[in-house]
Amino acid sequence: MADIIKFKLKKDEIGLLGIVCFYLMLCPYNKVEESFNTQAIHDMIYNTKYIYYYDHITFSGSVPRTFVGALSVALPTSAVTYLTGCSKALTYAIARLFLGFYVVWSFSAFRRAVKKAFGKSVADWLVVITCTQFHFLFYASRTLPNTFGMCCCLIATAFWINNEWNSFLWWSGLAVLIFRSELMILLGPMLLIEFFKGKLSFEELVYPGLQAAAVLLMVCCTFDSYLWRYTTWPEAVVLYYNTWLNKSGDWGSQPLLWYFYSALPRAMLLAFPVSIAGLLSNRRILSFTLPTITFLCLYSLLPHKELRFILYTVPMLNVAAAYVLTQIWSKGLFSKLMVLGGLCANLMCEYVM
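All figures in this text were calculated on a predicted structure; none of them were measured in a lab.

**Details of the packing of aromatic side chains**
With the rule as written, the count across this model stands at 22 aromatic pairs. Both rings, one in Phe22 and one in Tyr23, keep their centres 5.8 Å apart while their planes meet at 50°; by these two values the pair is tilted. The exposure class of Phe22 is partly exposed, given its relative accessible area of 45%. What makes Tyr23 buried here is its relative accessible area of 5%. Seen in terms of ring centroids, Tyr23 and Phe138 are 6.3 Å apart; in terms of plane orientation they differ by 70°. Their pairing is edge-to-face. With Tyr23 in helix H1 (residues 11–26) and Phe138 in helix H7 (residues 135–139), this residue pair connects regions lying 115 residues apart in the sequence. Each member of the pair Tyr23 and Phe138 is classed as buried. Taken together, the aromatic side chains of Trp258, Tyr259, Phe295, Tyr299, Phe309 and Tyr312 make up a single cluster linked through ring pairs. The ring of Tyr46 carries Lys88 above its face, with NZ or CZ at 4.8 Å from the centroid.

This is the structure we're talking about:
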């Protein structure tokens, strides 16, 4: 676990955090999807003694959401606010900066696992590609449930790569049971692959998994039920509302293959076709991205689609693209110029966005 979880960012990862800060300053306001966590962070900092004054008591929304993510941001933000006495506008920016740090920190853990599995060059190209893409780093500081889920998903994937099953179960449980239930069709196939390969026994899967689920649900349901003033498991309600009742379709629908021909090309830019080349050229890369492909195919069945719903897949597909760039970069001057030209084209597209 110590190989994956480190509280120190490398210089290029600090650069990623700098890009997150730039996007934060460029777009300091939020959308309606971010309002619940934004208001919850505000209330936890400024209304600590008056739960009945919390925004969600009056404006509850269509489904309950968990307060766990908001708490993880509000705690360090409140300490800074207490020490500096800064304005509410600055407090909001600080809160988003902490969330952006969480995403970059979790990406750093993912990058270390990729380095161990595929080599330093692939890990370094992963960072370079990520720097030239807009959406992943833009959403890193947005107070969406998807962003909190992405942090847990990246760390869980890092433990999957590193064959640390117990830690994987805890982090994937946090992602699925508390933040985004759809991540079960991304993280679940990772477990199934290892189980059928014989790397993971039934006992190693079931008993630690049940233990993690029990603890996480007890903490989550107790905390959220207290703040909602009634017994609830927010993410289970969201799953029932959006999937079983298909109420998410009330907010619009997209064609079946929209993620493949619209969302991913915009999120990944030129790295998208390069990643496809990586899948086709290397069996290890194909095996690594198989859970991602499964997730994209299954999640495409839901009619309501948004790019933020599949952001978790971008770093994993970028690994396939990074593998290809590593191979091309070693082939000579013309190949290097081609790679640099592609990265420049990505940057220009990012500027347009």
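Picking up after the structure, the text goes on.
**Points about helix H14 (residues 271–281)**
Residues lying three or four places apart along an α-helix face the same way, a consequence of the helix completing one turn every 3.6 residues. Residues of H14 that are buried: Ala271, Phe272, Ser275, Gly278 and Leu279. Down the axis of H14, the buried side of the element spans an arc of 110°, and every buried residue falls inside it. H14 presents Leu280 and Ser281 as exposed residues on the side facing more than 90 degrees away from its buried surface.

**Examining unusual backbone geometry**
The phi angle at Asn163 is positive, at roughly 60°, despite the residue not being glycine. With respect to the helices, strands and loops of the structure, Asn163 is situated in the loop between helix H8 (145–161) and helix H9 (165–179).

**What about H8?**
Its 17 residues give H8 an end-to-end C-alpha distance of 24 Å, which sits within 8% of 24 Å, the value for a rise of 1.5 Å per residue. After H8 finishes, the residue Asn163 shows a positive phi value of roughly 60°.

**Quick word on the packing of helix H4 (residues 68–84) against helix H5 (residues 88–118)**
Running from N to C, H4 and H5 cross one another at 130°; their axes reach a closest spacing of 9 Å. Between H4 and H5, the crossing angle belongs to the class labelled oblique. Here the hand of the crossing between H4 and H5 comes out right-handed. Residues Ser72, Val73, Pro76, Thr77, Val80 and Thr81 of H4 form the contact with H5, whose own contacting residues are Thr91, Ile94, Ala95, Phe98, Leu99 and Tyr102. Residue classes in the contact of H4 with H5 are distributed as eight nonpolar, four polar and no charged.

**Brief notes about the confidence of the model for the protein**
As a general rule, the predicted coordinates of low-pLDDT regions are not to be interpreted in detail. Taken as a whole, the protein shows an average pLDDT of 90; of its residues, 98% reach a score of 70 or greater. Of all helices and strands in the protein, the one with the weakest mean pLDDT is helix H17 (residues 333–352) (75), whereas H8 scores best (96).

**Considerations on the state of the cysteines**
For the structure shown, the criterion picks out zero disulfides. The structure places no disulfide on Cys131, whose sulfur is separated from the nearest cysteine sulfur, that of Cys21, by 13 Å. The class for Cys131 is partly exposed, based on a relative accessible area of 22%. Left unpaired, Cys297 is separated from the closest cysteine sulfur, that of Cys153, by 17 Å. Taking relative accessible area as the criterion, Cys297 reaches 41% and is therefore assigned partly exposed.

The rules behind these values
- Residues numbered from 1 in each chain as written.
- Predicted model: local features only at pLDDT ≥ 70, side-chain atom pairs only at ≥ 80, totals over all residues.
- Heavy atoms only, no water.
- Phe/Tyr/Trp six-rings, centres within 6.5 Å; stacked < 30°, edge-to-face > 60°.
- Buried < 20%, exposed > 50% of the residue type's maximum accessible area, 1.4 Å probe, protein only.
- Helix = DSSP H or I, 4+ residues; strand = E, 2+ residues; numbered from the N terminus.
- Lys NZ or Arg CZ within 6 Å of the ring centre and 35° of its normal.
- Arc of directions from axis to C-beta.
- Expected span 1.5 Å × (residues − 1).
- Axes fitted to C-alpha atoms, helices over the stretch in contact; angles between N-to-C directions.
- Parallel < 35°, antiparallel > 145°, perpendicular 65-115°, else oblique.
- Left-handed = near helix turned anticlockwise from the far one by under 90°.
- Contact = heavy atoms within 4.5 Å.
- Nonpolar A, V, L, I, M, F, W, Y, C, P; charged D, E, K, R; others polar.
- pLDDT = per-residue confidence, 0-100.
- Disulfide = S-S within 2.5 Å.

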